[in-house]
Amino acid sequence: MPELPEVETTRAGIAPWCEGRRVEQLIVRESRLRWLVPDDLPQHVEGQRIESVSRRGKYLLFRVGAGTILVHLGMSGSLRVVTPEEPPSFHDHVDLVCEGGHVLRFNDPRRFGCWLWLEGDVSKHKLLRNMGPEPLSDAFDGALLFNKSRGRRGPVKNFIMDGKIVVGAGNIYANEALFAAGIRPDRAAGRISRERYDRLAAEIRAVLAAAITQGGTTLRDFVGGDGKPGYFRQELQVYGRGGQPCRRCKRPLKEVRISQRSTVFCVACQR
DNA sequence: ATAATCACCTGCTCGC
DNA sequence: TGCGAGCAGGTGATTA
């Protein structure tokens, strides 16, 4: 479900309710997520203060006690703030009960998300150490995309969705950024010019930033930390619009499948 | 090293 | 109305 803008929306929505507070209790109702929630997670965090809530790519990091809780929302996860009186419902797998009367509640029907306990240098952890730069940081630009793409023959869409190259662009925003940059998603990554990569990097940055401003994209069930949906859906130019007229040239958008992922583009506007 | 596919899981929509 | 097929916002592991 969530790409970078949805995770960032979640982070911003929950941080004011838990940063600086103590963890009263960690309740795990279903530990069978993508990886088993470690049995000792509650004992590591209960009674400890949440120092910060940050994000790396699509991972959320809760600095607490002697380590870090690493949370991923997977495809269908959401994390929101509820009151302790609100009874848990179906697929509410984890509660992080904070002092002060608020609960972070993790819901994830498909259970592709995770809750892991990390100690030591988080950036050296297996899941984080090979990640590319944050798309909204100075480390990300057209030069990086150009340099890393030389010799690559796979589609540029896969290339920009590869977290080792740059984090945060999932299927929705990869489609959108390629449309904005006027680049066909099936073009070989290694055969795109430096100038076009400058444009693409700028468009990836712009579409993610705009989506964050709108609170993310809600397709069916995404809600931010405040339980509200995102409003970027109405801004989508191509994703989910196969067969419908291109908003720029009015020709019908083409929908194809690249590496099993739905891919929508305009054959006239994207080359 | 790169590229494609598989796997994990539930829920929803579609066509018959 | 029921049922199987296919698809969904991610990504690590496996296979060529």
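The shown structure was predicted, so the numbers you read here are calculated from the model rather than taken from an experiment. (Residues numbered from 1 in each chain as written. Chains lettered and ligands numbered in written order. Predicted model: local features only at pLDDT ≥ 70, side-chain atom pairs only at ≥ 80, totals over all residues. Heavy atoms only, no water.)

Chemist: Got a minute to help me understand the nonpolar core in this structure?
Modeler: The tendency in soluble globular proteins is for nonpolar side chains to be buried as a group. Grouped together as the largest cluster of nonpolar side chains are 27 residues, with contacts concentrated most on F62, I69 and W115. Here the element with the most residues in this core is helix α1 (residues 4-18); it accounts for 4 residues. With near-sequence residues (within four places) excluded, I69 lies in contact with L41, V45, L60, L61, F62, V64, W115, L116 and W117. With 26 residues, the next largest nonpolar core counts V166, A174, A177 and L200 among its residues. (Core = buried A, V, L, I, M, F, W, Y, C linked by side-chain atoms within 4.5 Å. Buried < 20%, exposed > 50% of the residue type's maximum accessible area, 1.4 Å probe, protein only. Helix = DSSP H or I, 4+ residues; strand = E, 2+ residues; numbered from the N terminus. Contact = heavy atoms within 4.5 Å.)

Chemist: How do you make sense of the domain arrangement of chain A when you look at a structure like this?
Modeler: How large an interface is tends to be reported as the accessible area lost when its parts come together. Partitioning chain A into domains gives domain 1 (4-124) and domain 2 (142-265). Here domain 1 and domain 2 have C-alpha centroids that lie 28 Å from each other. Taken together, the contacts link 15 residues of domain 1 with 16 residues of domain 2. Between domain 1 and domain 2 the total buried area reaches about 1,300 Å² when both faces are included, carbon and sulfur atoms providing 67% of it. Among the residues domain 1 hides against domain 2, the three largest losses belong to P5, E6 and T9. Together they make up 38% of the total. (Domains from an automatic or database assignment. Buried area = accessible area lost by both parts, 1.4 Å probe.)

Chemist: Honestly, the sheet that holds strand β4 (residues 67-72) in this entry has me stumped. Any pointers?
Modeler: Within a beta sheet, neighbouring strands are joined by backbone hydrogen bonds and run either parallel or antiparallel to one another. One open sheet holds the 4 strands; their spatial order is β2-β3-β4-β8, and the pairing between them is antiparallel. The sheet is open, and its two edges are formed by β2 (50-56) and β8 (114-119), each paired on a single side. Neighbour to neighbour, the strand axes of the sheet diverge by 20° on average, direction disregarded. (Pairing = 2+ DSSP bridges. Axes fitted to C-alpha atoms, helices over the stretch in contact; angles between N-to-C directions.)

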